[in-house]
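Examination of the molecular architecture
Residue strings, one per chain:
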Amino acid sequence: MTDLSFLRIDPISRHVSLDVRSPEFYQNPNPAYAALLAQTPSFYWEQQEQWVFCGYDTVNGLLRDKRFGRQILHIASREELGMAEPSPHTRHFDAAERYTLLSLEPPEHTRLRTLVNRAFVSRHVEKMTPEIMALANRLIDGFAADGAVELLSRFAEIVPVTMIARMIGIPDEMGPQLLQWSHDYVGMYMYKRNRADEEAADRAAREFADYVRTIIAERRIAPQDDLLSHMIHTEHKGQFLTEDELISTTIVLLNAGHEATVHQIGTSVRLILENGLDPLVLFASEETTERTVEECLRLSAPVHIFQRYCLEACEVDGVALKFGDTINLVLAAANLDPAKFQDPLRFKPERNEGANLSFGAGIHFCIGAPLARLELNLVLPLLFQRLPGLKLAASPKVKDIYHFHGLERLDLQWQA
Ligand code: HEM
């Protein structure tokens, strides 16, 4: 039995006590995931009173399994499920979540995803390369001569939010406000959030939705060449998106569209620097760059854990699950499964062992993966190229925001 202060594993009963808000865990979760994978990759999580799955094949299979969904209220009522009624103090947040891709299952999910998907396919997204490069270069111009920077606030937070906002059709000046709304909004996904977090998330959802409503009204009258106008004016089998669907979709794209990418830029730079790897080798070609980006995503996924409802009683890895059970899939742990990846805790960009699960799999596979990958493949080499001799100026700390995994700040130095 493993017994660390934040982790107790009993492989016989498959019961695990894991405090994800313990700094020892979230500062460096990979050793704990490795211990879980070695002793009991499927376990009952005492704090959440739910089953958790970490094995690569199991997680990959569950993400694609139609017996599990991100939603269950389309086939059962709260009463039948014994689910608490939504709280009045989170009603704006709940309304914003109601029609997101992440809250829907087929057939609604298919309809919405079809309408949004075209904008996110690789060949469309790749056209944004010059714009991403211009923005990234302009930001670096702003600090290159200083020899030091806090990278998250001056760079990593700005690139993804600006690009997704432009795609949707929201002016660049809204960037700082969007970041604030988004930070407050995603506070709702944190483990052990408090009432103040919930109220902040609700307020952000209300303000965010009001703002999106005004932009929708403008685009209805005067369509532009942007995603919002496209979503408003495109039909699928004779149907248009409703106002509520448009608002939910826009909010989820803005939030999902940058939070994870910001974290991933920060942790990737940190991983490369801490592993003492030569950027000239890592970014020698498009192929080595892609492999480096994927290895960073594998070793340090920006979003660790996702849930599914059991929509049909079944057994998974010897665990009997009943209709309505909530299960947890730890993508960040699945990426470290030694059955899939040799020597999994080591940074080895040359590995060629198949896809990591950081963008999920199945019908909810990240719609923004081509955009996120493009941004990472462009900005990581650029940073190392433009800031010679880049190194850490201070040891970075991971934010206490599990299930996200990102840094509080990233202080860097180089020869200016
Ligand atoms: C490194 C960056 C990113 C990572 C690691 C990431 C990860 C993920 C994962 C794991 C899922 C699946 C969730 C599940 O199965 O329950 C997902 C879904 C999603 N992501 Fe991302 N994401 C990233 C960037 C983006 C960007 C840039 C956008 C938008 C432009 C985006 C928009 C979405 C949306 C809308 C969904 C829901 C798709 C659906 O349910 O059909 N993400 N993302």
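All figures in this text were calculated on a predicted structure; none of them were measured in a lab. (Residues numbered from 1 in each chain as written. Predicted model: local features only at pLDDT ≥ 70, side-chain atom pairs only at ≥ 80, totals over all residues. Heavy atoms only, no water.)

Helix and strand content of the chain: 19 helices and 13 strands. In the chain, which comprises 416 residues, the share counted as buried stands at 54%. Residue pairs in contact within the chain that sit at least 24 positions apart in sequence constitute 71% of those at least 6 positions apart. About 18500 Å² of surface is accessible on the chain, with carbon and sulfur atoms providing 51% of the total. (Helix = DSSP H or I, 4+ residues; strand = E, 2+ residues; numbered from the N terminus. Buried < 20%, exposed > 50% of the residue type's maximum accessible area, 1.4 Å probe, protein only. Contact = heavy atoms within 4.5 Å. Areas by Shrake-Rupley, 256 points an atom, 1.4 Å probe, with all protein chains shown as cover.)

Around the ligand sit 26 residues in total, of which Arg70, His109, Arg308, His364 and Cys366 are the nearest. One of the side-chain N or O atoms of His109 is found 2.7 Å from an oxygen atom in the ligand. Within the side chain of His364, a nitrogen or oxygen atom sits 2.6 Å from an oxygen atom of the ligand. Of all the secondary structure elements, the ones that give two or more residues to the shell around the ligand are helix H6 (108–117), helix H14 (243–256), helix H15 (259–274), strand E8 (305–310) and helix H19 (369–386). Among the residues forming the shell around the ligand, the class breakdown is 16 nonpolar, seven polar and three charged. (Near = heavy atom within 4 Å. Polar contact = N/O pair within 3.5 Å; in protein donor to acceptor, adjacent residues only side chain to side chain. Nonpolar A, V, L, I, M, F, W, Y, C, P; charged D, E, K, R; others polar.)

What follows covers the packing of aromatic side chains. Evaluated as defined, the whole model comprises 13 aromatic pairs. Each ring, one from Phe93 and one from Tyr185, has its centre 4.7 Å from the other, and the planes form 40°; the classification is tilted. Pair noted here: Phe93 is in helix H5 (residues 91–97) and Tyr185 is in helix H11 (residues 175–186), with a separation of 92 residues, a long-range link. The class of Phe93 is buried, set by a relative accessible area of 6%. Overall, the relative accessible area of 1% leaves Tyr185 in the buried class. Among the aromatic residues, those joined into a ring-pair cluster are Phe6, Phe25, Tyr33 and Tyr402. A cation over a ring is seen here: Arg298 above Phe341, with NZ or CZ 5.1 Å from the ring centre. (Phe/Tyr/Trp six-rings, centres within 6.5 Å; stacked < 30°, edge-to-face > 60°. Lys NZ or Arg CZ within 6 Å of the ring centre and 35° of its normal.)

Leu151 and Phe155 are the most contacted members of the largest nonpolar core, which has 113 residues in total. Considering each element in turn, this core owes the most residues, eleven residues, to H19. Once residues within four sequence positions are removed from consideration, Phe155 is found in contact with Ala136, Leu139, Ile140, Phe143, Val379 and Leu383. Membership of the second largest hydrophobic core comes to 19 residues, among which are Trp51, Val59, Leu62 and Leu331. (Core = buried A, V, L, I, M, F, W, Y, C linked by side-chain atoms within 4.5 Å.)

Turning to the pairing of strand E5 (residues 50–53), a few remarks are in order. Neither face of E5 is exposed, since Gln50 and Val52 on one face and Trp51 and Phe53 on the opposite face are all buried. As paired elements, strand E4 (residues 42–45) and E5 share four bridges and run antiparallel to each other. Bridged to Phe43 within E5 is Val52. Connecting E4 to the next strand, E5, in antiparallel fashion are four residues, including Glu49 with a positive phi near 55°. (Pairing = 2+ DSSP bridges.)

The next subject is H15. In a regular helix each residue adds 1.5 Å, so 16 residues correspond to 22 Å; H15 covers 23 Å between its end C-alpha atoms and thus fits that length. Taken across its 16 residues, H15 has 15 buried, putting it largely inside the fold. Gly276 lies just past H15 and shows a positive phi near 60°. (Expected span 1.5 Å × (residues − 1).)

Below, the discussion takes up the coordination of the iron atom of the ligand. Inspection of the coordination sphere of the iron atom of the ligand shows a single protein donor, Cys366 (SG), at 2.3 Å. With respect to the element layout, Cys366 can be found in the loop between helix H18 (331–334) and H19. (Donors = N, O, S within 2.8 Å, 3.2 Å for Na, K, Ca; no water.)

Turning to the side chain of Ser229, a few remarks are in order. By secondary structure assignment, the location of Ser229 is in helix H13 (residues 227–233). A distance of 2.7 Å separates a polar atom in the side chain of Ser229 from a polar atom in the side chain of Asp226. Apart from the residues within four sequence positions on either side, Ser229 is in contact with Arg219, Pro223 and Gln224.

Our next topic: unusual backbone geometry. Of note, the amide linkage connecting Pro106 to Pro107 takes the cis form, showing an omega dihedral of 5°. Tracing the backbone through its elements, the reader meets Pro107 in the loop between H5 and H6. The omega angle of the peptide bond from Tyr402 to His403 is 25°, so this bond is cis rather than trans. Assignment of secondary structure puts His403 in the loop between strand E12 (391–392) and strand E13 (411–413). Residues other than glycine seldom take positive phi values, yet Glu49 does so here, at roughly 55°.

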